[in-house]
Amino acid sequence: MGTPLSELMSTLRSGNSTAPRLTWYGPDDERVELSGRVLDNWVAKTSNLLQDELDATPGMRLRMDLPAHWKSMVWALAAWQVGLQTVLDGGTADYLATADPEAVEGKYDAVIAVALPALAMRWPGALAAGCLDYAAEVRSHGDVFMAHAEPDPAGCALVAGDGRTHSHQDLLSSFAARHDEGVRLHVPAGNGLEGALSNALGAWQHGGSVVMTHPKVELTDKLLTAERIHGS
């Protein structure tokens, strides 16, 4: 049995798949644009890394020590596609995806260092023994994800900051924010990862797209016009 998330990924890669779905503005004039097909490609590769390299199975937990960022969106979608629970509050987990591997505390089955610059081909520096370099490893994984085990629709996908538990089957109906059909939504990264995930899911499930901006990026009239941001 598929989940609403797996159906969403199918729509992103097959329905108007070349249209922008996630656009990121970062420091130093960084701009990354992912079509539905390219976003699905990144999610598939990350899902395969989790499943095939890290032996992740439905019901396990992934802690995301990451800011709101386009790679964080990829990691959350991949985790849910595999059937994992994403942990955003620093709680215990089986795996840790982090942008700060030197500050890791606690024990995990695997720690994955996520370099945030778009063009990073590997982590910029030495990593502790056993720490996986996401940028260096992810590109070797397949572009199509085939689950070894189907996610449990009733299994926990996320515990929100308000304490509410969202299952895989109700992730889009209860966690995703409500947005206009076809919205081109601005999502400020400074508002946090949970809000970014909720808003992005809400935009995508209604055929929309997301423009996410780093806190250091000024939201000018020129940017708003160039990205055709509209709706709510």
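Under an unreviewed UniProt entry, the protein chain has the name Acyl-CoA synthetase and belongs to Pseudarthrobacter scleromae.

Undergrad: It is not clear to me how the nonpolar core should be interpreted in this structure. Could you clarify?
TA: Side chains that are nonpolar tend, in soluble globular proteins, to be buried together. Ranked by size, the top nonpolar core spans 61 residues in total, and within it Trp75, Trp80, Leu201 and Trp204 carry the most contacts. Of the residues forming this core, the biggest block, 10 residues, is contributed by helix H3 (residues 70–82). Trp80 has contacts with Leu5, Thr86, Pro151, Ala157, His168, Leu171, Phe175, Leu197 and Leu201, leaving out every residue within four places of it along the chain. Listed in part, the 10 residues of the second largest apolar core include Val87, Tyr108, Val111 and Ala113.

Undergrad: Looking at this structure, how should I read the sheet that holds strand E1 (residues 20–26)?
TA: Note: strands within a sheet are paired through backbone hydrogen bonds, in either parallel or antiparallel orientation. Within the open sheet, the 4 strands sit side by side as E2-E1-E11-E10. Their pairing is mixed. At either end of the open sheet lies a strand with only one pairing partner, and these are strand E2 (30–35) and strand E10 (184–188). Each strand axis lies, on average, 15 degrees off the axis of its neighbour in the sheet, ignoring direction. By the bridge criterion, 4 bridges tie E1 to strand E11 (residues 209–213) in an arrangement that is parallel. The residue bridging Trp24 from the neighbouring strand is Met212, located in E11. Against the sheet, helix H2 (residues 36–53) engages E1 and E2, with an angle of about 95 degrees to E2. Of the strands in this sheet, E1, E10 and E11 touch helix H6 (residues 193–204), which is tilted by about 155 degrees from E11.

Undergrad: Which parts of the structure should I look at to understand the pairing of E11?
TA: Along any regular strand the residues' side chains alternate between the sheet's two faces. Judged by how many residues are buried, E11 sits mostly within the fold: 5 of 5 residues are covered. Going residue by residue along E11, you find Ser209, Val211 and Thr213 tucked away on one face and Val210 and Met212 tucked away on the opposite face as well. Looking at chain direction, E10 and E11 are connected through 5 bridges and run parallel. Opposite Val187, over in E11, you have Met212 as the bridge partner. Crossover connection from E10 via H6 to parallel E11: handedness right-handed.

Undergrad: Explain the layout of surface pockets here, please?
TA: If a probe as big as a water molecule is rolled over the atoms, it shows which places are left empty. Its volume calculated, the largest pocket comes out at about 240 Å³. Ser6, Arg13, Gln81, Phe145 and Ala147 are the residues nearest the centre of the largest pocket, which is lined by 15 residues in total. The set of elements that each furnish at least two residues to the lining of the largest pocket consists of helix H1 (4–14) and H2. It is H1 that provides the largest number of residues to the lining of the largest pocket, a total of 3 residues. The residue makeup of the lining of the largest pocket, split by class, is 6 nonpolar, 5 polar and 4 charged.

Undergrad: Please clarify how the packing of H2 against H3 should be interpreted in this entry.
TA: Any two packed helices are characterised by the angle at which their axes cross and by the distance between the axes. Close contact between H2 and H3 brings their axes to 8 Å; oriented N to C, the two are set at 55 degrees. Comparing the axis directions of H2 and H3 gives the class oblique. Handedness of the crossing formed by H2 with H3: right-handed. Packed against H2, whose contacting residues are Leu39, Trp42, Val43, Ala44, Thr46, Ser47, Leu49 and Leu50, the element H3 presents Trp70, Val74, Trp75, Leu77, Ala78, Ala79, Gln81 and Val82 at the interface. For the contact of H2 with H3, the residue count by class is 13 nonpolar, 3 polar and no charged.

Criteria and thresholds
- Residues numbered from 1 in each chain as written.
- Predicted model: local features only at pLDDT ≥ 70, side-chain atom pairs only at ≥ 80, totals over all residues.
- Heavy atoms only, no water.
- Core = buried A, V, L, I, M, F, W, Y, C linked by side-chain atoms within 4.5 Å.
- Buried < 20%, exposed > 50% of the residue type's maximum accessible area, 1.4 Å probe, protein only.
- Helix = DSSP H or I, 4+ residues; strand = E, 2+ residues; numbered from the N terminus.
- Contact = heavy atoms within 4.5 Å.
- Pairing = 2+ DSSP bridges.
- Axes fitted to C-alpha atoms, helices over the stretch in contact; angles between N-to-C directions.
- Right-handed = clockwise from strand over helix to strand, strands pointing away.
- 1 Å grid on protein atoms, 1.4 Å probe; cavity = no way out; pocket = protein on both sides within 12 Å on 5 of 7 lines; lining within 4 Å.
- Points joined across faces, edges and corners; volume = space filled by probe spheres on them.
- Nonpolar A, V, L, I, M, F, W, Y, C, P; charged D, E, K, R; others polar.
- Parallel < 35°, antiparallel > 145°, perpendicular 65-115°, else oblique.
- Left-handed = near helix turned anticlockwise from the far one by under 90°.

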